[in-house]
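# Notes for the structure review
Residue-level listing of the chains:
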There are 4 protein chains.
Amino acid sequence: MAVRAAVAGASGYAGGEVLRLLLAHPEVEIGALTGNSNAGQQLGALQPHLLPLAGRVLQETTPEVLAGHDVVFLALPHGQSAAVAEQLGPDVLVVDMGADFRLKDAADWEKFYGSAHAGTWPYGLPELPGARAALEGAKRIAVPGCYPTAATLALFPAYAAGIAEAEAVIVAASGTSGAGKAPKAHLLGSEVMGSMTPYGVGGGHRHTPEMIQNFSGVAGERITVSFTPTLAPMPRGILATCSAKARAGVTAESVRAAYQKAYADEPFVHLLPEGQWPATASVYGSNAVQVQVAYDETAGRIIAISAIDNLTKGTAGGAVQSMNIALGLDETTGLSTIGVAP
Amino acid sequence: MAVRAAVAGASGYAGGEVLRLLLAHPEVEIGALTGNSNAGQQLGALQPHLLPLAGRVLQETTPEVLAGHDVVFLALPHGQSAAVAEQLGPDVLVVDMGADFRLKDAADWEKFYGSAHAGTWPYGLPELPGARAALEGAKRIAVPGCYPTAATLALFPAYAAGIAEAEAVIVAASGTSGAGKAPKAHLLGSEVMGSMTPYGVGGGHRHTPEMIQNFSGVAGERITVSFTPTLAPMPRGILATCSAKARAGVTAESVRAAYQKAYADEPFVHLLPEGQWPATASVYGSNAVQVQVAYDETAGRIIAISAIDNLTKGTAGGAVQSMNIALGLDETTGLSTIGVAP
Amino acid sequence: MAVRAAVAGASGYAGGEVLRLLLAHPEVEIGALTGNSNAGQQLGALQPHLLPLAGRVLQETTPEVLAGHDVVFLALPHGQSAAVAEQLGPDVLVVDMGADFRLKDAADWEKFYGSAHAGTWPYGLPELPGARAALEGAKRIAVPGCYPTAATLALFPAYAAGIAEAEAVIVAASGTSGAGKAPKAHLLGSEVMGSMTPYGVGGGHRHTPEMIQNFSGVAGERITVSFTPTLAPMPRGILATCSAKARAGVTAESVRAAYQKAYADEPFVHLLPEGQWPATASVYGSNAVQVQVAYDETAGRIIAISAIDNLTKGTAGGAVQSMNIALGLDETTGLSTIGVAP
Amino acid sequence: MAVRAAVAGASGYAGGEVLRLLLAHPEVEIGALTGNSNAGQQLGALQPHLLPLAGRVLQETTPEVLAGHDVVFLALPHGQSAAVAEQLGPDVLVVDMGADFRLKDAADWEKFYGSAHAGTWPYGLPELPGARAALEGAKRIAVPGCYPTAATLALFPAYAAGIAEAEAVIVAASGTSGAGKAPKAHLLGSEVMGSMTPYGVGGGHRHTPEMIQNFSGVAGERITVSFTPTLAPMPRGILATCSAKARAGVTAESVRAAYQKAYADEPFVHLLPEGQWPATASVYGSNAVQVQVAYDETAGRIIAISAIDNLTKGTAGGAVQSMNIALGLDETTGLSTIGVAP
């Protein structure tokens, strides 16, 4: 008895990635595919890597088209998810890969997204303390942002263990697919190849309040976050270099112990052996997360670094992982920890 | 009752890729992993993308270590396969990803490889006419070279249909993984990023006689091949741009018909719709082949272009596909036609 | 007494490159810069690499703005150059980096460009026999296409020496800047990084008739050209792999002699020592051309390969070189043969 | 009366880059080129982008070969510069692009480099307060490390203005040429393309004490530095993302004023207009530095970001700039602020 899944926004990068993963999911049958501006086109022309779906035709995103599915994945522009979810009814599992239901603080939402706050849904980062319980049986899931996924998995164990002060500095490099498929001059291959450049500097990136929310929730106090995203010349991957001032008494051993405890039983997060560092190539196309941590005694800071694939664990893989939990399937069903490298 | 497989040469790119595929193969259990210069090291340090095998330790390549397996994949330097195969006995399926048993012509072998000819094994390109029959039940398989795989699948249908003259011009661009993992200055990232450069120009590349052998076998006459390989700034993928003078009477329709006939039932080769062209990104990490063909009436040439992943269909995927046939499994078992893109 | 130069279309890649070169030209003073859709913007926001011009403001492309200059470089969409040139008057040197005045054959023009033929101007490829004489003192220059520059310099010596048959096969890989700065989905970094893909296959690319014109002019007979362009994952550079059937009696020595003769005195074309092959990285940002040639006796073909920077020698460098000749300056003034590598 | 310059270590990346710049320097004549392991080889085979020097032959690095020059650039492995400099005598200007004479603190030197401290030479970062005076007429120059160049230029104005607390967090992404030309597996194109990875995490990188020295010297108190270098998939460039806790009373205006003051008269450092951010592509091959700064009020940190070309301003361009000062030439002679982009 297969789970029937629809994807709204199937022509973009998030939509394409969730389809790539669902094609390998043994319990899922792919139903309707929608994409407003591309409705009527064959998927083979838009997502030529998804060979088994090449002949499928995109439809309009309407309640009728999305009806009759067990799960609907939303890969829509900000602000559209609430209306679509309402039309689908309370019994359909709606997995929102957009931002609409991530932030608890209405003021933060309004400040960073400029529209009315829609509320919050269970947060699809199962590794975060308490998250799995909220996802079990859920009918609505808010998939985290790609940067918050990488940064949270790098640094929350330090807050969970109480070894870090209430301020974090995060510098993350992302592949260009994080910026989407809409053509813009600064995202042209000619511009991005051979170049590193920051953006949203100084606290302006929308993922900042989401990181603050995650760290603060774990720490039980307000954590200050300085977040700088940078665009790297690669299609996929996020490398998040995170640090926080160590509390008094912290040692290299206590830092490592905190991370070993946090990730002892996590199927997708791999705390690397000492001396080995995360590389985005190692998790290319996989749902795995590589994490490493060090204690810089001279600077007095804990340095935690993670590598994820922004489209897989950072978006569509996290979505499928959370769907598995919500549906009562094994959390790892259809998801791989094997990267495509070199 | 799983098939137990060993990999000799597990620390290189071909060895790593066959392991990546075997990890997803439902009928295979991974046995011994060997790698002489890296014996004693953990695979996690050498192939960090193969997370489920991170704790496995490489052994020496000896008959004792390789004994007790149903299949042994060889990813060894040229000239070593014959001795290893002999020691394994006639009942073990030996799949050689090296060149030792590809060429029928001893003189060609000696000219291009500079050592004594070892003979030929069934040729692991199932799409080539007659190849599947030779692979069924085989205990020895010679996996084709990566360039011959791409070029043969692009152009053999023209020879099979008798629409091309006996000369081919092939220019292929390969990702750098085709040059292997041994560190050389001209393969450094600093050298290859942002650069295209040819090598082995003028007929000197070792894959040239293999292409001639494939085309001539299909055509029933000696085909002349001018082959120029180029190194492209990407880790994986081959784009083979092939052309041959069209015979008299050829039309765009007869060209397309020849290709539709050749690939109507092939599970891995996808003849693209007219107007769409192969891209190596679309087959990244997959065993799929994208093929397109055009007839340039003004120049009087048939232009056939293919895109493969050099490590997957071009090496390890072709090896697994042929293993499936030899073992009587469904040819597509454990292999994907879904690329990792963007 | 400086030469005063204006650039129409200063916000695109060709316009930016000509400005980069003119900034280093000791005899040129940069005057008006125009760009219709970007008029009113500062160049620093559009071409941030041209630091000395950061504060300059783009103007509309009008006769008034372009008046009062000795030289006007046109980097405009096809079909606009004739009207602008007419308004500038016969005494201004107009260097057209577009296609409007390249093709002699009106039928070819109409077939490939779909508009009325505007005529021809002296062709700005000084290395082509007879071209320098036509450029000296010229007031109008048609800069060649980037692919024709690369292919012509690779293969014309074979036609000039009468050692090649009347058919050529050309496969060229270009960096993405050749496709311009207008944002299109298939040119996004996410799409092009890690991928090789062909386009305009089968004789459809607009640069095909220009190559035929060049080769035929040198050979004194109609040369057939099969041309396949491919897009490579790098910002700049063209590697053109060209071949032609050798005439009877050709030897490796006669081939090399033909090229040594053609390029003995050329300041920008460097025939590499035997055994060394062109690399686009070696000519990055320079006006140099690397050429190498081989005779494949088995296949009976001459293989000639060139590497250029598509924006420099392939566009703006060729334009400045031709301007130098037209103005009676030393041909190499302000132009470099030093690449930026690695 | 030309300055005669020799380069010891001309086959590597630093040596190649200094030659590229000296070729464009109007006052310099290039003399002896040495490279021990490559002695006897032509430069054209080792540095094919330096066309005008293609026929020059590398010699052994001996006092006899290096004698008779006004300036000797050293691009040697650590620990070799002192002996060579001694042999050259006190009247020759020796510009060391290695680390030997950068650190004042002998204990730091021994801890990070593992050998005896050689002393310090005038520090070749002219933009640092006091540095120019020390360089004027100097006969010995220690060129800064590439990361310290980028980080110091990004953050020292904040310390000079007294607006930052005594702790800095620096995350920098470097192109692979910073790791040199010696072939190593983890630097292969196959490994670095498509990947971001950190190294030297936790305070272990040798450039850390150099940054501390620079910041502390400006601030007049000990500055703590947490430095994480990362390897980015590009040949050149460093993007340094630096931050420090803002002192009480700091405002966006006071931050900007500090940077405007620091860089008002610097010929190579360009403080970008508000809203524009540094990109390594914009300074590709140039000696320019792009700097931007922001004040994150919520996080209470000053974020300063710089982009340089690691081989130009970060190594060889900085060396030539300092040589100009030492020789009494205009500081900008032979150096460009124009990047090669796209």
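This one's a predicted model, so the numbers in the text were calculated from it and none came from an experiment.

### Brief notes about the sheet that holds strand β8 (residues 224–231) of chain B
Residues and elements named next belong to chain B. Pairing within the open sheet is mixed, and its seven strands lie in the order β7-β8-β6-β9-β12-β11-β10. Looking at strand neighbours, the two that pair on one side only are β7 (197–198) and β10 (269–271), the edges of this open sheet. Against the sheet, helix α9 (residues 207–219) makes contact with β6 (164–174) and β8, and its axis sits at roughly 135 degrees relative to β8, the strand it touches most.

### A few points about the interface of chain D and chain A
Contacts between the two partners involve 42 residues from chain D and, on the opposite side, 42 residues from chain A. Summed over both sides, the interface of chain D with chain A buries roughly 3100 Å², with 67% coming from carbon and sulfur. In this assembly, chain D and chain A are joined by two salt bridges. In this structure, Arg301 of chain A engages Glu167 of chain D in a salt bridge whose closest nitrogen and oxygen atoms are separated by 4.0 Å. Joining chain D to chain A, the criterion identifies ten residue pairs in polar contact (both at pLDDT 80 or more). Those elements that place two or more of their residues in the side of chain D that touches chain A are β6 (164–174), α8 (189–192), β7 (197–198), β8 (224–231), β9 (238–246), β11 (289–296) and β12 (301–308) of chain D. By residue number, the principal contributor to the side of chain D that touches chain A is β8 of chain D, which donates five residues. When grouped by side-chain class, the residues that make up the side of chain D that touches chain A number 22 nonpolar, 14 polar and six charged.

### Details of the interface of chain A and chain C
Contacts between chain A and chain C engage 19 residues on the former and 19 residues on the latter. Interface area, chain A with chain C, both sides summed: about 1400 Å², of which 65% is carbon and sulfur. Among the residues chain A hides against chain C, the three largest losses belong to Leu188, Ser190 and Met193 of chain A. Together they make up 41% of the total. There are zero salt bridges connecting chain A and chain C. One can count eight residue pairs in polar contact (both at pLDDT 80 or more) joining chain A with chain C. When residues of the side of chain A that touches chain C are assigned to their parent elements, the largest contribution, four residues, is made by helix α8 (residues 189–192) of chain A. Of the residues assigned to the side of chain A that touches chain C, the class counts are eleven nonpolar, five polar and three charged.

### Comments concerning the pattern of salt bridges
Side chains that differ in charge, positive against negative, can pair when their charged atoms come close. Evaluation of the coordinates by the stated rule reveals 52 salt bridges over all chains. Note that Arg102 of chain D and Glu210 of chain D form a salt bridge whose closest N and O atoms lie 3.7 Å from each other. Of the two residues, Arg102 of chain D is situated in the loop between β4 (93–96) and α5 (106–113) and Glu210 of chain D in helix α9 (residues 208–219); the sequence distance between them amounts to 108 residues. Across this residue pair, the class does not change: Arg102 of chain D and Glu210 of chain D are buried. Residues joined by salt bridges that share partners form a network here, namely Glu17, Arg20, Arg236 and Asp309 of chain A.

### Describing the pairing of β6 of chain D
Walk down a regular strand and you will see the side chains alternate between the two sheet faces. Residue and element names in this part refer to chain D. Most of β6 is tucked away: nine of the eleven residues are buried. With eight bridges joining them, β6 and β9 adopt antiparallel strand pairing. By the bridge assignment, Ile170 is partnered in β9 with Cys242. With eight bridges joining them, β6 and β8 adopt parallel strand pairing. For Ser174, the partnering residue across the bridge sits in β8 and is Leu231.

### Quick word on the relation of the copies chain A and chain C
For the pair chain A and chain C, the superposition axis carries a translation of 0.0 Å, the fit reaches an RMSD of 0.0 Å, and the rotation angle comes to 180 degrees. This pairing of chains is accounted for by a two-fold axis. Nearest to the rotation axis, the C-alpha of Gly189 of chain A is located 1.7 Å from it, this being the minimum over chain A. A shared interface surface links the copies, since 100% of the contact residues of chain A are contact residues in chain C too.

### Looking at the confidence of the model for chain A
Confidence in the prediction of chain A, expressed as mean pLDDT, is 97, and 100% of residues score 70 or more. In the predicted complex, the global pTM is 0.98; the interface-specific ipTM is 0.97.

### A word on the sheet that holds β11 of chain D
Residues and elements named next belong to chain D. Judged by pairing direction, the sheet is mixed, and its seven strands sit side by side in the order β7-β8-β6-β9-β12-β11-β10 without closing on themselves. Two strands lie at the open edges of the sheet, namely β7 and β10 (269–271), each paired on one side alone. Docked against the sheet, helix α10 (residues 252–263) engages β10, β11 and β12, running at close to 160 degrees with respect to β11.

### What about the packing of aromatic side chains?
In this structure the tally under the stated criterion is 22 aromatic pairs over all chains. Taking 4.0 Å as the distance between ring centres and 10 degrees as the angle between the ring planes, the aromatic pair formed by Trp109 of chain A and Tyr113 of chain A counts as stacked. On the criterion of helical spacing, the pair formed by Trp109 of chain A and Tyr113 of chain A is a turn pair, its members being four residues apart in helix α5 (residues 106–113). Seen from their ring centres, Tyr284 of chain C and Tyr284 of chain D are 5.7 Å apart, and the 40 degrees between their planes marks the pair as tilted. Of this pair, Tyr284 of chain C sits in the loop between β10 (269–271) and β11 (289–296) while Tyr284 of chain D is found in the loop between β10 and β11, placing the two residues in two different chains.

### Describing the packing of helix α7 (residues 146–160) of chain A against helix α9 (residues 207–219) of chain A
Each packed pair of helices is defined by two parameters, the angle between the axes and the distance between the axes. Residue and element names in this part refer to chain A. One can describe the packing of α7 onto α9 by two numbers: an axis separation of 9 Å at closest approach and a directional angle of 25 degrees. Regarding the angle of α7 to α9, the classification is roughly parallel. Between α7 and α9 lies a crossing of right-handed hand. Seen from α7, the contacting residues are Cys146, Tyr147, Pro148, Ala151, Thr152, Leu155, Phe156, Tyr159 and Ala160; seen from α9, they are His207, Glu210, Met211, Asn214, Phe215, Val218 and Ala219. Along the lines of polarity and charge, the residues of the contact of α7 with α9 split into twelve nonpolar, three polar and one charged.

Rules behind the numbers
Residues numbered from 1 in each chain as written. Chains lettered and ligands numbered in written order. Predicted model: local features only at pLDDT ≥ 70, side-chain atom pairs only at ≥ 80, totals over all residues. Heavy atoms only, no water. Pairing = 2+ DSSP bridges. Helix = DSSP H or I, 4+ residues; strand = E, 2+ residues; numbered from the N terminus. Contact = heavy atoms within 4.5 Å. Axes fitted to C-alpha atoms, helices over the stretch in contact; angles between N-to-C directions. Buried area = accessible area lost by both parts, 1.4 Å probe. Salt bridge = Lys/Arg side-chain N within 4 Å of Asp/Glu carboxyl O. Polar contact = N/O pair within 3.5 Å; in protein donor to acceptor, adjacent residues only side chain to side chain. Nonpolar A, V, L, I, M, F, W, Y, C, P; charged D, E, K, R; others polar. Buried < 20%, exposed > 50% of the residue type's maximum accessible area, 1.4 Å probe, protein only. Least-squares fit on C-alpha atoms with pLDDT ≥ 70 in both. pLDDT = per-residue confidence, 0-100. Phe/Tyr/Trp six-rings, centres within 6.5 Å; stacked < 30°, edge-to-face > 60°. Parallel < 35°, antiparallel > 145°, perpendicular 65-115°, else oblique. Left-handed = near helix turned anticlockwise from the far one by under 90°.

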